Amino acid sequence: MSRSVVYARRAAATVALGVLAVGCQDTAREEAARTGATPPSPTAPASAAPSPSPVATTAANTAEVCREVDRVIVAGSRRIATDSAASVTRDLTGEQVADQLRRNLAELADDVRGQARRAADPEIRALIQETADRIDAGSRASRPAAWMDSTFTGIPPKLTRECRA
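What comes next concerns the included structure. In this convention, every chain numbers its residues from 1, walking through the sequence in written order. Given that the model is predicted, a residue must reach a pLDDT of at least 70 before its local features are reported, and side-chain atom pairs must reach 80 or more before they are shown or counted; all residues, however, enter totals for whole chains, interfaces and linings. The side-chain values count all of the structure's non-hydrogen atoms but skip hydrogen atoms and water molecules.

**Looking at the pattern of salt bridges**
For step 1, the next point in the chain: The term salt bridge refers to a side-chain nitrogen of Lys or Arg lying within 4 Å of a carboxyl oxygen of Asp or Glu. Taken as a whole and assessed by the stated rule, the structure comprises 10 salt bridges.
For step 2, the next point in the chain: Measuring nitrogen to oxygen at the nearest pair gives 2.6 Å for the salt bridge that ties glutamate 68 to arginine 71. With glutamate 68 and arginine 71 both in helix 2 (residues 54-89) and three residues apart, the pair spans about one turn of that helix.
For step 3, the next point in the chain: According to the relative accessible area criterion, glutamate 68 is partly exposed, its value standing at 22%.
For step 4, the next point in the chain: Residue arginine 102 pairs with aspartate 99 through a salt bridge whose shortest N-O separation is 2.7 Å. Here arginine 102 pairs with aspartate 99, and both are found in helix 3 (residues 94-118), just three residues apart, close to one helical turn.
For step 5, the next point in the chain: Overall, aspartate 99 belongs to the partly exposed group, its relative accessible area being 31%. Strands here mean DSSP runs of E at least two residues long; helices mean DSSP runs of H or I at least four residues long; both are numbered from the N terminus. In this scheme, a residue with accessible area under 20% of its type's maximum is buried, one over 50% is exposed, and one in between is partly exposed, where area comes from a 1.4 Å probe on protein chains only.

Written out as structure tokens, the structure is:
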């Protein structure tokens, strides 16, 4: 078995774990939204009444955009995992598997970039754009499966920490 096929299988396993992690993140966010619970913010000052400001609009847009980025990454990860698994049965060469993975990553980067354009909060827009750029770098990697193992797995946890209203 060629080294590229081994990397493709590893990438599929890595993506599957990433999909599970992001799926858990979605469930936690949905639960918090349903119950109205929000994690305490150590830097947020307490206020007696909410102030009418653009922040409320931005926060609503941020939550929506962050959920959609999660959905896009889960869908893209599933597509990558499905295509990687199918490549084994189609007996593709290592280079064909790498090319397929590059195309999938480029599509995913474009989808994430589309969400960045929707973000009203400039910090969230920058975070999502940076995420798209990182995924795009994987689409140009000489060994995209190795990139998946080393870099892609860090993207969902970073979004969980930083993409929030």
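**Quick look at the packing of aromatic side chains**
For step 1, the next point in the chain: When the centres of two rings from Phe, Tyr and Trp lie within 6.5 Å, Trp using its six-membered ring, the rings pair. Their planes under 30 degrees apart give stacked, over 60 give edge-to-face, and anything left gives tilted. Overall, the coordinates contain one aromatic pair when judged by the stated rule.
For step 2, the next point in the chain: Seen from their ring centres, tryptophan 147 and phenylalanine 152 are 6.1 Å apart, and the 50° between their planes marks the pair as tilted.

**With respect to the environment of glycine 138**
For step 1, the next point in the chain: Within the secondary structure layout, glycine 138 lies in helix 4 (residues 122-139).
For step 2, the next point in the chain: Whether two residues touch is decided by their heavy atoms; if any such pair falls within 4.5 Å, the residues are in contact. Not counting chain neighbours up to four residues away, the residues in contact with glycine 138 comprise Leu105, Pro144 and Trp147.

**Considering unusual backbone geometry**
For step 1, the next point in the chain: Positioned with a positive phi, aspartate 91 is a non-glycine residue whose angle comes to about 55°.
For step 2, the next point in the chain: By the secondary structure assignment, aspartate 91 is in the loop between helix 2 and helix 3.

**Some details on the state of the cysteines**
For step 1, the next point in the chain: Throughout, a disulfide means two cysteine sulfur atoms within 2.5 Å of one another. By the definition in use, this model includes one disulfide.
For step 2, the next point in the chain: One disulfide in the model links cysteine 66 with cysteine 163; its S-S distance is 1.8 Å. Because the torsion about its S-S bond is -90°, the bridge between cysteine 66 and cysteine 163 counts as left-handed. A residue pair is termed long-range when its members are at least 10 positions apart, and cysteine 66 in helix 2 and cysteine 163 in the segment after helix 6 (155-162) qualify at 97 residues.
For step 3, the next point in the chain: Take cysteine 66: its relative accessible area is 1%, and that puts it in the buried class.

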